[in-house]
Amino acid sequence: MKLLDVKDRNGGGDALISLDTEALVLRCQRGDRLAVETLILRYQNYVYRLCFLVMRNEQDAEDMTQETFIRAFRALPRFEVREGKNFEGWLYRIAVNACRSRMRRKWYQVLPWPEPAPTIAGEPEEQPDRLLMQGEARQEMLAAIDALGEKHRLVVILRYYAGLSNEEIAEVLSIPSGTVRSRLHMARKRLKKVLKERENKAERTVSRGVAA
Amino acid sequence: MNCQAASLLLDDYREGLLSQRECHLLELHLASCPECAADLRFRPALDRDVRRTLAASVQGLTLPPEMTARIVYAAEHNLRKGRRGRRVRRSLQSTVMLVGLAFLCVGLYFLAGGDPSTPGVSIVSQLPANSLPFSGSHDPVVAPGRSPSPLPEPADQTLPSASLVFEPRTMRPSDPYTMTLFFQSNQEHQIDSLHVELDVDGPTGFYRFDLAVEGPLPGRGVSILRVTPDVLEARCQEQYLMSATEVFRDEGTYNVRMTLSDAVTVPSR
């Protein structure tokens, strides 16, 4: 699980920032307002990005982030802090369910992906030349992920963005882990096709360049 | 192992989560299947591509600060609601538990032989005709100090007869007691319901009690019915002695009327 954007905005939360999530949750359950803020700051952007990946537009992602925290904090007094039950997984589950219930509304219309950012942050040490992701290629991949359909797309997002294991995804989506495996298998099959096509395209471009 | 099964295991294989046997079977399949072997080789690149695509698509995306403030405010408000709800739920749970406990106690009391408070009359047993329960130790006498008497013979043989017995014979208002109604009938058809009108003309007032018996009762034979006295206890402070009984039929329902003939005031403790 990733922990992102931990900032101390009020100056009094230094001690809280160093606390682990379970300790923060316990403090929240006791009504500690500073702990509430620290917990939100710790997870807000991650939840926001997850919601953005599912909803595909910023406005909806903002709404769903707020909805996620409202639902989570209303249920927080009943959340049991114990070994084997992680807060992050619980929060993702709430976020995914909030997004799904919004998408199921009749009036909801799925929007296309927004235009890509001009530059892409990469991990140079991990980037082989042939897989350097360009804006166009990324857009192709996003379109392919988009075309997977809601069920498969959610599994892909939870696996590759949230970094959850098959069992954790199964818990978040309330489906058997075997179903997660088969959905991932199906999604990969389709995405592999896109990647192959792109590779072939790149090879053709290179060979044309060599010939010229 | 076929390609479909192998493909489903590749993730766990890469993460070292397979058992030794599964690992062995998969490796056997990979050695003989170039497609699955290629899939395994290709998978890290695919995973990396998908991961980077998703990460890049949300790179630099942060929640506006005013949104954070709204979320914190809403979260605090809902946390308070949740905590209040939890307190309410806890107190509700305690109440439900107490009520359940009370029901359990009442149930155990009945199981232990206590008198049910409702209905007013319950059927204890039903005997065939000519096996009246008044012989031997059972005493159908309705008034203390009087000699036992059998069920009054109805003038019309087709009409049923009835008798009421108080036990114990002498009691105080707070003493537990039972009131048993013997109902004898010679009808061909079963009796669906019985209505007992109990007229009590005591020294402190006149009361009428209506007790309903849901049948069926046998057409021929004696039904022994226990009349629960709790309905009387709250209002009567005397000991009542029943004598005359009258049975009459009214639109398919047999009515038994019993009238107090004598009364003795019970001295208070």
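Residues numbered from 1 in each chain as written. Chains lettered and ligands numbered in written order. Predicted model: local features only at pLDDT ≥ 70, side-chain atom pairs only at ≥ 80, totals over all residues.

**A closer look at the overall build of chain A**
The cut-off we apply is this: By definition, any uninterrupted DSSP run of H or I lasting at least four residues is a helix, any uninterrupted run of E lasting at least two residues is a strand, and each is numbered from the N terminus. Exposure is read from a count of other C-beta atoms within 10 Å of each residue's own; the residue is exposed at 12 or fewer, buried at 20 or more and partly exposed in between. C-beta atoms are placed from the backbone. Contact between two residues is assigned whenever their backbone-derived C-beta positions fall within 7 Å.
Within chain A one finds nine helices and zero strands. Across the 212 residues in chain A, those meeting the buried criterion constitute 35%. In chain A, 60% of the contacts between residues at least 6 apart in sequence involve partners at least 24 apart.

**Digging into the confidence of the model for chain B**
Residues and elements named next belong to chain B. Note the cut-off: The predictor reports its confidence for every residue as pLDDT, a score running from 0 up to 100.
Averaged over all residues, the pLDDT of chain B equals 66, while 52% of them reach at least 70. In this model, residues 115–155 is a region of pLDDT below 50 whose contacts with residues beyond four sequence positions or in other chains number 83 contacts. Counting contacts from residues 261–269, a segment whose pLDDT is below 50, to residues more than four positions away or on other chains yields 19 contacts.

**Let's talk about the interface of chain A and chain B**
Note the cut-off: Residues were grouped as follows: Ala, Val, Leu, Ile, Met, Phe, Trp, Tyr, Cys and Pro as nonpolar; Asp, Glu, Lys and Arg as charged; and all remaining residues, including Gly, as polar.
The partner chain B presents 37 residues to the 45 residues of chain A that form the contact. At the level of secondary structure, the elements contributing two or more residues to the side of chain A that touches chain B comprise helix H3 (33–55), helix H4 (58–75), helix H6 (135–146), helix H7 (150–160) and helix H9 (177–211) of chain A. Per-element tally for the side of chain A that touches chain B: the top contributor is H3 of chain A, with ten residues. Residues that form the side of chain A that touches chain B fall into these classes: 25 nonpolar, nine polar and eleven charged.

**Notes on the environment of Lys192 of chain A**
Note on placement: Lys192 of chain A falls in helix H9. For the pair Lys192 of chain A and Ala144 of chain A, spaced 48 residues apart in sequence, the C-alpha to C-alpha distance is 9.8 Å. Ignoring any residue separated from it by four or fewer positions in sequence, one finds Lys192 of chain A in contact with Phe42 and Leu46 of chain B.

**Quick word on the packing of H4 of chain A against helix H4 (residues 65–111) of chain B**
Where we set the bar: Only the stretch in contact is used when a helix axis is fitted, and all axes are lines through C-alpha atoms; the angle between N-to-C directions ranges over 0 to 180 degrees. Each angle is binned into one of four classes, with values under 35 degrees roughly parallel, values over 145 roughly antiparallel, values of 65 to 115 roughly perpendicular, and all other values oblique. Each crossing gets its handedness from the near helix: less than a right angle anticlockwise from the far helix is left-handed, clockwise is right-handed.
Between H4 of chain A and H4 of chain B, the shortest axis-to-axis distance is 7 Å and the interhelical angle comes to 25°. Taken together, the axis directions place H4 of chain A and H4 of chain B in an arrangement best described as roughly parallel. As H4 of chain A runs across H4 of chain B, the sense of the crossing is right-handed. Note on element contacts: H4 of chain B touches H4 of chain A through Met67, Arg70, Ile71, Ala74, Ala75, Asn78, Leu79, Lys81 and Gly82 of chain B, opposite Glu62, Thr65, Gln66, Phe69, Ile70, Phe73, Arg74 and Ala75 of chain A. Of the residues assigned to the contact of H4 of chain A with H4 of chain B, the class counts are nine nonpolar, four polar and four charged.

**Describing the environment of Leu158 of chain A**
Residues and elements named next belong to chain A. Within the secondary structure layout, Leu158 lies in helix H7. On the neighbour-count criterion, Leu158 (27 C-beta atoms within 10 Å) is buried. Leu158 sits 62 residues away from Val96 along the chain, and the two C-alpha atoms are 9.3 Å apart. If near-sequence neighbours (up to four positions away) are discounted, Leu158 is found in contact with Leu164, Ile169 and Val172.

**Notes on unusual backbone geometry**
Residue and element names in this part refer to chain A. Not every positive phi belongs to a glycine, and Arg56 is a case in point at roughly 70°. Position of Arg56 relative to the elements: it lies in the loop between H3 and H4. Of note in this structure, Ser174 is not a glycine but carries a positive phi near 55°. The residue Ser174 is located in the loop between helix H8 (166–173) and H9 in this model.

**Observations concerning the nonpolar core**
Nonpolar side chains in soluble globular proteins tend to end up buried together. Spelled out, the test is: In this usage, the nonpolar core is the set of buried Ala, Val, Leu, Ile, Met, Phe, Trp, Tyr and Cys residues whose C-beta atoms join them within 7 Å.
Formed by 60 residues in total, the largest nonpolar core has its most connected members in Ile40, Leu50, Cys51, Val54, Ala95 and Ile157 of chain A. The greatest single-element share of this core, amounting to 15 residues, is contributed by H3 of chain A. With near-sequence residues (within four places) excluded, Cys51 of chain A lies in contact with Ala61, Met64, Thr65, Thr68, Ala95 and Cys99 of chain A. In terms of nonpolar packing, the next biggest core, distinct from the first, is built from nine residues, Ala162, Leu194, Val222 and Leu225 of chain B among them.

**Some remarks on the environment of Asp11 of chain B**
Turning to its location among the elements, Asp11 of chain B is positioned in helix H1 (residues 3–14). A C-alpha to C-alpha distance of 8.9 Å links Asp11 of chain B and Arg43 of chain B, two positions 32 residues apart in sequence.

**Quick look at H4 of chain A**
Filter applied, for reference: The length a helix should cover is 1.5 Å for every residue beyond the first.
For H4 of chain A, built from 18 residues, the straight-helix expectation of 26 Å at 1.5 Å per residue is met to within 8% by its first-to-last C-alpha distance of 25 Å. Considered for burial, the residues of H4 of chain A that qualify are Ala61, Met64, Thr65, Gln66, Glu67, Thr68, Phe69, Ala72 and Phe73 of chain A. Contact partners of the buried residues in H4 of chain A: H3 and helix H5 (87–103) of chain A together with H4 of chain B.

**Some details on the confidence of the model for chain A**
Residue and element names in this part refer to chain A. Averaged over all residues, the pLDDT of chain A equals 76, while 74% of them reach at least 70. For chain A, the element scoring lowest by mean pLDDT is helix H1 (residues 14–17), at 62; H7 scores highest, at 90. Taken as a whole, residues 1–12 scores under 50 in pLDDT and shows 20 contacts with residues more than four places along the chain or in a different chain. Low pLDDT (under 50) marks residues 117–132, which in the prediction has 14 contacts with non-local residues, meaning those over four places away or in another chain.

**Observations concerning the packing of H3 of chain A against H4 of chain B**
One way to put it is that H3 of chain A packs onto H4 of chain B with a least axis distance of 10 Å and a crossing angle of 130°. As judged from the angle between their axes, H3 of chain A and H4 of chain B are oblique. Crossing of H3 of chain A over H4 of chain B shows right-handed handedness. Touching Arg33, Val36, Glu37, Ile40 and Gln44 of chain A of H3 of chain A are Thr68, Ile71, Val72, Ala75, Glu76 and Leu79 of chain B, all from H4 of chain B. Here the residues of the contact of H3 of chain A with H4 of chain B sort into six nonpolar, two polar and three charged.

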